[in-house]
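Observations on the three-dimensional arrangement
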Amino acid sequence: MDTKETKSDKKKVVAVVGGGLVGALNACFFAKRGFEVHVFESREDIRTAKVVKGRSINLALSHRGRSALKHVGMEEKIVSQGIPMHARMIHTPDGKQSPIPYGKKGQYILSVDRANLNKQLLTEAETYANAKLNFDHKLQDWNAETGTMTFVRGDGSREHVLADLIVGCDGAFSAIRKQFMRRSRFNYSQTYIPHGYMELTMPPRDGDFAMKPGYLHIWPRNTFMMIALPNLDQTFTCTLFMPFDEFDKITTGDQVLDFFEQYFADAIPLIGVEELKSDFFRLPAQAMVSVKCSPYHIGDKCVLMGDAAHAVVPFYGQGMNAGFEDCIVFDEIMSQFNEDLSAVLPEYTRVRVPDDHAIADLAMYNYIEMRAHVNSKWFLFRKYVDNF
Ligand code: FAD
């Protein structure tokens, strides 16, 4: 594989813990700056793994995320593999559909495959000669004074690693964040919403998408909703968001069918009766958590980014996008302060915490907006006036 030479021969070691979406992208940002970058990921390499466990199958990439990808020369590659969604397509209970554009004519968000995006970012990180990916390395503990991390491997062996800067990109249940929790004046809150989510597949029909692909389809039903995003293989991934109490009430295939007939009748023939009855019980509904914390750093040693700093509920489609934007903001502050970590890290907290908290609040607000307000005639009228 060709490897990129970076502009300096700095030897500072940056450990990126977590090789998910934000960690893999961040590795590119740090490698581009010439640091010696080591990514430590608890899972095996998803590019070669037989089964890739994770969250949503696809996600919406928007302006924030695209800007970050552009910084590391990945925008075009990822955009070319995404499906533009120009509007939300609202499905009423009686099967009518009406679009609500996201913005002005020509503006859109993209449906992208999560696993593919993660794989491409890992491969991009590997093109830098000064970046190394370490899979099957689960962070167990680390020392905020010395910067020493302890990793456990699949075979139970332990590895101790020292870094100048530790970047915690290990997701909503961050092991890096645990050290922050032990420190004075660290603020932390987490909220589980009463809703869970479940993914169902809508297969292609006669060799084409079963619904119009240029849209994010929404079936808003006030206390719950279903959405569907298109995939490159002409399937749709439908995600049902509903209170856990309601999921618990549905225990047989016939009950699934009754429920869908009442609320999502137009989707039944598109998903398929038998597929729906079995798919519904394939996996239990998954929980959704919102995490806010502050500060995002410890001294000049460690910084949190992505979901490790701010897990948000998915209704604003901005969790990954905001995590990608973290990388740009940090990179800009690095330039501003000449890579002096003792100045960069506090400034990052100062600048970034209010914005990430605002995204978390907006996501919580959209939790109601998407399933309830989009139903109102007033909303439809307002969107109509806004966009035309
Ligand atoms: P993660 O993706 O969680 O990655 C963390 C990585 O760290 C993982 O690879 C994990 O294996 C690794 N790790 C964990 N613990 C350790 C450890 N101890 N040691 C080493 N490695 C470790 N966002 C959007 O922008 N648009 C959307 O449309 C969207 N839709 C969503 C739909 C759903 C249903 C959900 C649940 C989320 C959605 N999101 C969306 C949010 C998005 O998934 C997250 O914001 C994003 O995955 C965050 O990336 P991350 O790299 O910070 O964390």
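Residues numbered from 1 in each chain as written. Predicted model: local features only at pLDDT ≥ 70, side-chain atom pairs only at ≥ 80, totals over all residues. Heavy atoms only, no water.

1. Overview of the environment of Phe281
Note that Phe281 resides in the loop between α9 (273-279) and β17 (286-294). Note on Phe281: relative accessible area 36%, which makes it partly exposed. In this structure, Phe281 is in contact with Ile250, Thr251, Thr252, Gly253 and Val256, ignoring residues within four places of it in sequence. (Helix = DSSP H or I, 4+ residues; strand = E, 2+ residues; numbered from the N terminus. Buried < 20%, exposed > 50% of the residue type's maximum accessible area, 1.4 Å probe, protein only. Contact = heavy atoms within 4.5 Å.)

2. Examining the pattern of salt bridges
When the charged atoms of two side chains with opposite charge come close together, those side chains can pair. Counted according to the given criterion, the structure contains 19 salt bridges. Among the salt bridges present, the one from Glu246 reaches Lys249, with a minimum N-O distance of 3.1 Å. Residue Glu246 and its partner Lys249 are both found in helix α6 (residues 244-249); the two are separated by three residues, about one turn of the helix. Residue classification places Lys249 among the exposed positions, given a relative accessible area of 55%. (Salt bridge = Lys/Arg side-chain N within 4 Å of Asp/Glu carboxyl O.)

3. Things to note about the site of the ligand
Taken together, 30 residues form the shell around the ligand, and within it Glu41, Ala60, Arg114, Leu139 and Asp307 come nearest. Ala60 has a polar backbone atom sitting 2.7 Å from an oxygen atom of the ligand. Between Leu139 and the ligand, the recorded distance is 2.8 Å, taken from a backbone N or O atom to a nitrogen atom. Its free accessible area being 1,000 Å², the ligand has 89% of it covered by the protein chains. Of all the secondary structure elements, the ones that give two or more residues to the shell around the ligand are α1 (21-32), β3 (58-61), β9 (138-142) and α11 (319-336). It is α11 that contributes the most residues to the shell around the ligand, three residues altogether. (Near = heavy atom within 4 Å. Polar contact = N/O pair within 3.5 Å; in protein donor to acceptor, adjacent residues only side chain to side chain. Areas by Shrake-Rupley, 256 points an atom, 1.4 Å probe, with all protein chains shown as cover.)

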